[in-house]
Amino acid sequence: MDINNIKPPGDSDAYLSPDEQPVNGKRDSRFTEATSNAETAEPAAPSLAVIGQFSKKALDDPTKLDTMVRASVSELIESNQNVTGPLLDSQKQSLVDFLSEDPLMRRQVETYLRKALV
């Protein structure tokens, strides 16, 4: 290739062949339908069975809140045994202790409890 043979840059239409058609808006309409369906969908029911044992009033008591967080974390660990594999009771307890005291995890569980309890 010769340096004198370099073509100057063209506009963006130069890269399209004349037989190409612009993309139609069908994708956009499907996306707007999906987002509108997602917005109008009912919120999912609480997935933790332990939620039924608690009341919203118990969130104000720190000791009850701690019990609620620990029970929720324990149920999460029990329900995900297929991910973690079989755990000994001591391992489960250690994991519950760790996750219940982890500030990020605790905040997430507390936020979930406040939203799920009515």
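Refer to the structure presented above.
Residues numbered from 1 in each chain as written. Predicted model: local features only at pLDDT ≥ 70, side-chain atom pairs only at ≥ 80, totals over all residues. Heavy atoms only, no water.

Observations regarding the packing of helix H2 (residues 62-79) against helix H4 (residues 89-101)
Item 1. Contact pair H2 / H4: the axes reach a minimum separation of 9 Å and the direction vectors enclose 130°. Between H2 and H4, the interaxial angle falls into the category oblique. The chirality of how H2 crosses H4 is right-handed. From H2, Asp 66, Val 69, Arg 70, Val 73, Ser 74, Ile 77 and Glu 78 reach across to H4, where they touch Lys 92, Gln 93, Leu 95, Val 96, Asp 97, Leu 99, Ser 100 and Glu 101.
Item 2. Its residues placed into classes, the contact of H2 with H4 shows six nonpolar, three polar and six charged. (Axes fitted to C-alpha atoms, helices over the stretch in contact; angles between N-to-C directions. Helix = DSSP H or I, 4+ residues; strand = E, 2+ residues; numbered from the N terminus. Parallel < 35°, antiparallel > 145°, perpendicular 65-115°, else oblique. Left-handed = near helix turned anticlockwise from the far one by under 90°. Contact = heavy atoms within 4.5 Å. Nonpolar A, V, L, I, M, F, W, Y, C, P; charged D, E, K, R; others polar.)

A few points about the pattern of salt bridges
Item 1. Evaluated as defined, the whole model comprises four salt bridges.
Item 2. The residue Asp 97 makes a salt bridge to Arg 70 at a minimum N-O spacing of 2.5 Å. Taken together, the residues Asp 97 in helix H4 and Arg 70 in helix H2 connect sequence positions 27 residues apart.
Item 3. For Asp 97, a relative accessible area of 32% gives the class partly exposed.
Item 4. Taking the relative accessible area as the measure of exposure, Arg 70 reaches 23% and is therefore partly exposed.
Item 5. The network of salt bridges with shared partners includes Asp 66, Arg 106 and Glu 110. (Salt bridge = Lys/Arg side-chain N within 4 Å of Asp/Glu carboxyl O. Buried < 20%, exposed > 50% of the residue type's maximum accessible area, 1.4 Å probe, protein only.)

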